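Below are the chains, spelled out letter by letter.
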Amino acid sequence: VQVVESGGGLVQPGGSLRLSCAASGFTFSSFLMRWYRQAPGKGRELVADITSAGSITNYADSAKGRFTISRDNTKNTVYLQMNSLKPEDTAVYYCHAILNGRAYWGEGTQVTVSS
């Protein structure tokens, strides 16, 4: 099983990034997919999730209106489009797959929002 995030980096406030999470080794299209983040000195926070078919999405209040989660089950990939980024969005962003008690995590990708 592999869950690999990419697309992080340094961006100025107000900028955008698109994170990707490529999965393999399990039936991706059956899994609920989530993006979490963890800022320095803080706990891990759920940012957004998307159902297996992509029909339902949910967002943390901090992400609503700025972030969009999507998935492409033909590519076994989930995305997080992040717009209007703020310094408080600085964190390591993790991809998480979950289904019936089975759960897989990626290693994370660093997002830094700073001028």
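Bear in mind that the values here come from a model prediction, so they are computed numbers and not experimental data.

1. Comments concerning the pairing of strand β7 (residues 67–72)
Of the two faces of β7, only one is covered, namely that formed by Phe67, Ile69 and Arg71; the face formed by Thr68, Ser70 and Asp72 stays uncovered. With six bridges connecting them, β7 and strand β8 (residues 77–82) associate as antiparallel partners. Considered in β8, the bridge of Thr68 is made with Gln81. Taking the residues that link successive antiparallel strands as the turn, the β7-β8 hairpin has four residues, and the phi of Asn76 there is positive, at about 50°.

2. Some details on the side chain of Thr77
Of note, Thr77 is situated in strand β8. Classification of Thr77 by relative accessible area gives buried; the value is 9%. From its side chain, Thr77 meets the backbone oxygen of Lys75 in a polar contact 2.8 Å long. For Thr77, the contacting residues outside a window of four places in its chain are Ser20, Cys21, Ala22, Phe28, Arg71 and Asp72.

3. Some details on the environment of Gly65
Tracing the backbone through its elements, the reader meets Gly65 in the loop between β6 (57–59) and β7. Along the sequence, Gly65 and Ser84 sit 19 residues apart, while their C-alpha atoms lie 9.3 Å from each other.

4. A closer look at the packing of aromatic side chains
Tallied over the full model, the rule gives five aromatic pairs. With centroids separated by 5.0 Å and ring planes inclined at 55°, the aromatic side chains of Tyr36 and Trp105 adopt a geometry described as tilted. With a gap of 69 residues between them, Tyr36 in strand β4 (residues 32–38) and Trp105 in strand β10 (residues 102–105) connect regions that are remote in the sequence. Taking relative accessible area as the criterion, Tyr36 reaches 14% and is therefore assigned buried. With a relative accessible area of 38%, Trp105 lands in the partly exposed category. Aromatic rings pair up to connect Phe26, Phe31 and Tyr104 into one cluster. The aromatic ring of Trp105 is capped on one face by Arg44, whose charged end is 4.7 Å from the ring centroid.

Cut-offs applied
- Residues numbered from 1 in each chain as written.
- Predicted model: local features only at pLDDT ≥ 70, side-chain atom pairs only at ≥ 80, totals over all residues.
- Heavy atoms only, no water.
- Buried < 20%, exposed > 50% of the residue type's maximum accessible area, 1.4 Å probe, protein only.
- Helix = DSSP H or I, 4+ residues; strand = E, 2+ residues; numbered from the N terminus.
- Pairing = 2+ DSSP bridges.
- Polar contact = N/O pair within 3.5 Å; in protein donor to acceptor, adjacent residues only side chain to side chain.
- Contact = heavy atoms within 4.5 Å.
- Phe/Tyr/Trp six-rings, centres within 6.5 Å; stacked < 30°, edge-to-face > 60°.
- Lys NZ or Arg CZ within 6 Å of the ring centre and 35° of its normal.

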